[in-house]
Amino acid sequence: MLKTAVDTLRRHANRPFGRVLLVSMAVLIVLGIVFRIAAPFMISTLVVRESMENSVSQWTGHNATIGEVSRIRFWPHPEVTLTDVTIHRDTGKGEKTLAKIAELSATFDLGKALLGRPVFENFHLTNAHVTLTRTRTGGLEWTNGGLLMEAIAHVGQANGGQRLDADRDAPIGEMQVTNGTIEIVNETDGHSMQFDAINGTMDWPELSGAVDINAETIFRGRKIALDVSTSQPLLLLGGRGGQFRGLASTDIGLASFNGMASFSLRGYFSGDAELRTSDMPAALRWLDIDPALADGLFSASATAKIIADRDDLRFENLSLGLNDEHATGLLEVDTPTQGQPRLSGTLAFDHIDFLRLLKSMEPAIGDDDDGRIPPLVKRLELDLRLSARTAALGAVQLQDVALGLMNVGQQFRLDILDGNMQPGRLTGRVNTIREDERDAVAIRLSLRGADFAAIARQFNMTGPVPATQGTFDLSLDLPRPLNRDAWNAAVGTMQFNSGAGRLDGLNLSTIRQLAGQKSYFALGEASNGSLEFESIKASAVVHDGIADIREAQITGTNDVVTMTGAVPLVNRSFALSATVAPKAGTDKPLHFFIGGAWPSPVFWPTAAPGQKPGE
């Protein structure tokens, strides 16, 4: 093949036109070599440094100074390296440093450099520290006029990209950053956040083109990997809307967005977003948020189509994961310029934990001033409709639950609109109230057609429990905060009614026998049987945390048991007076005082109602 090529060249060289062509090529090659060799002597480092200073000043609108030109090379392409680069501006009170770059490299056009007008592109920044200021309007103030601001001011949209006049366009190329730092200072309060150890690449061929960024950085001690791109960078930098795709990932989670965005103070977003964390407490601490706000929440994920415009943020097609619980629905956040933000919408859960939900609302129904949990719900109005296929109220399991959650002004309310207990139905409300200039929490529960023996088994309750279906109504008012003292100060009413059933572990015949033999005995001595009954009716008035049983009647097949007394709400102790009266026959009624703690109370037979043991 080489011999063929040589023969071809020899054949063309014998022709007049071929000889001219070969001579021209040889001259160009020689000139290129000479040009490369002579270029270092023909290009002044002073001109390069001044041109770079002018170039940076033209781009940013700020002054730039360069310590020295440390290296110029011409192979494989012309490149200059400068050290100790500083960008600063005159504030009227002196110069303020905006950026310090230990080493800055850039490629340049050799021909234009020989004419004394080098044009730079493909930058490499090493050990650069850039300071940005977030203004009171939410923008980032760094440039002051210059080519970039000129381009931002005159850019237009064009078929998913951006349009820029040719005389305002300029090449940029690839920008590499090694060990960079960006510090963002808030002009309003002086607080700052810093991104360290930035290593990556920004590919921006020209101002009118798209941008791709791939980088890593460390923020508050945790590494973040960034993958960002936009076909409309100038529109975004100018605070206008533009296409944006971004992914930020760490060892504890990730956040991504793909759609239209505007990064002004009250900008808008429209696109698909995802947020996921495997360690919610660590993520909140990393973001400088009190982890107590999400107490009991370990992992979280959310995907949605986000639509945001000024005061409104809407999450459509929302898929939400909280620990092992999952929900779908729609949420909307209103953030008016005045007043509290408002969260509204509907969520359908696979499962809800009532107690965890109430605990998350603790600032609303607990203590306002204890300082333990930031009062998030006091800063956020709520109007939510929640549903769940299953729900847990402690050990009790419910199905097909519907809830309403509201927090408006100074009032919080949780409505249990419906909940099936198979059998049975639970409805109720927990809300804050104000009575006699005191803040309180009102609890209203209504249970219909429930199997109370099944509920007792779920709570692992021992002792005689009525195996029956019935109703239970609870109405309690408790002062805030909800602690042990609050339950000791509870006021309200309770009522229980049921149909036929039985009380296992209670034998009236044995009780009659023991009453004639002993001055007192434990319930366990009379647990060898069951009490069949036709109905139970009981009601109590609660005051100072004690249920005063005004009427409790168990109508059995042969006997009627009536009880009165007191039962504290915060422990298992009680004190009751009881009477067992036969429906028919000559047997005399039996009278007892029952005291102690459940499930092992003690019976003291008495001669008459109200008579104390030993009298």
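Since we're looking at a predicted model, the values are computed, not measured.

Caption draft 1: Fine view of helix H12 (residues 508-515). Within the span of H12, buried status applies to Leu508, Thr510, Ile511, Leu514 and Ala515. Looking straight down H12, one finds its buried side chains confined to an arc of 155°; they lie on one side. On its buried face, H12 is in contact with strand E28 (521-522), strand E29 (530-543), strand E31 (559-568), strand E32 (573-582), strand E33 (590-597) and strand E34 (602-606). The N-capping residue of H12, defined by a side-chain oxygen 3.0 Å from the backbone nitrogen of Ser509, is Asn507.

Caption draft 2: Broad picture of the environment of Ala64. Mapped onto the elements of the fold, Ala64 is located in strand E1 (residues 63-73). Assessed through its relative accessible area of 10%, Ala64 is described here as buried. For the pair formed by Ala64 and Ile87, sequence separation is 23 residues and the distance between their alpha carbons is 4.5 Å. Among all residues touching Ala64, those that are not within four sequence positions of it are Glu53, Val56, Ser57, Thr86 and Ile87.

Caption draft 3: Fine view of the side chain of Glu325. With respect to the secondary-structure elements, Glu325 resides in strand E17 (residues 325-334). Look past the residues within four positions of Glu325 in its chain and what remains in contact with it is Leu320, His351, Ile352, Asp353 and Arg356.

Caption draft 4: Looking closely at unusual backbone geometry. The linkage connecting Trp598 with the following residue, Pro599, adopts the cis geometry, with an omega of 15°. With respect to the secondary-structure elements, Pro599 resides in the loop between E33 and E34. With a phi angle near 55°, Asn127 is a residue other than glycine that sits in the positive phi range. By the element assignment, Asn127 lies in strand E4 (residues 120-134). Phi at Asn323 is positive, roughly 55°, even though this residue is not glycine.

Caption draft 5: Spotlight on the packing of aromatic side chains. All told, the structure shown has 10 aromatic pairs when counted by the stated rule. Centroid distance Phe452 to Phe496: 4.8 Å. Interplanar angle 80°. Geometry classified as edge-to-face. In this pair, Phe452 is assigned in helix H10 (residues 452-458) and Phe496 in strand E26 (residues 491-498), connecting sequence segments 44 residues apart. In terms of burial, Phe452 and Phe496 fall into one category: buried. Here Phe592 and Phe603 contribute two aromatic rings whose centre-to-centre distance is 5.8 Å and whose plane-to-plane angle is 85°, an arrangement assigned as edge-to-face. Taken together, the residues span a long stretch of sequence, with Phe592 in strand E33 and Phe603 in strand E34 at a distance of 11 residues. Through a chain of ring-to-ring contacts, the aromatic side chains of Phe195, Phe219 and Trp286 assemble into a single cluster.

Reading the values: the criteria
- Residues numbered from 1 in each chain as written.
- Predicted model: local features only at pLDDT ≥ 70, side-chain atom pairs only at ≥ 80, totals over all residues.
- Heavy atoms only, no water.
- Buried < 20%, exposed > 50% of the residue type's maximum accessible area, 1.4 Å probe, protein only.
- Helix = DSSP H or I, 4+ residues; strand = E, 2+ residues; numbered from the N terminus.
- Arc of directions from axis to C-beta.
- Contact = heavy atoms within 4.5 Å.
- Polar contact = N/O pair within 3.5 Å; in protein donor to acceptor, adjacent residues only side chain to side chain.
- Phe/Tyr/Trp six-rings, centres within 6.5 Å; stacked < 30°, edge-to-face > 60°.

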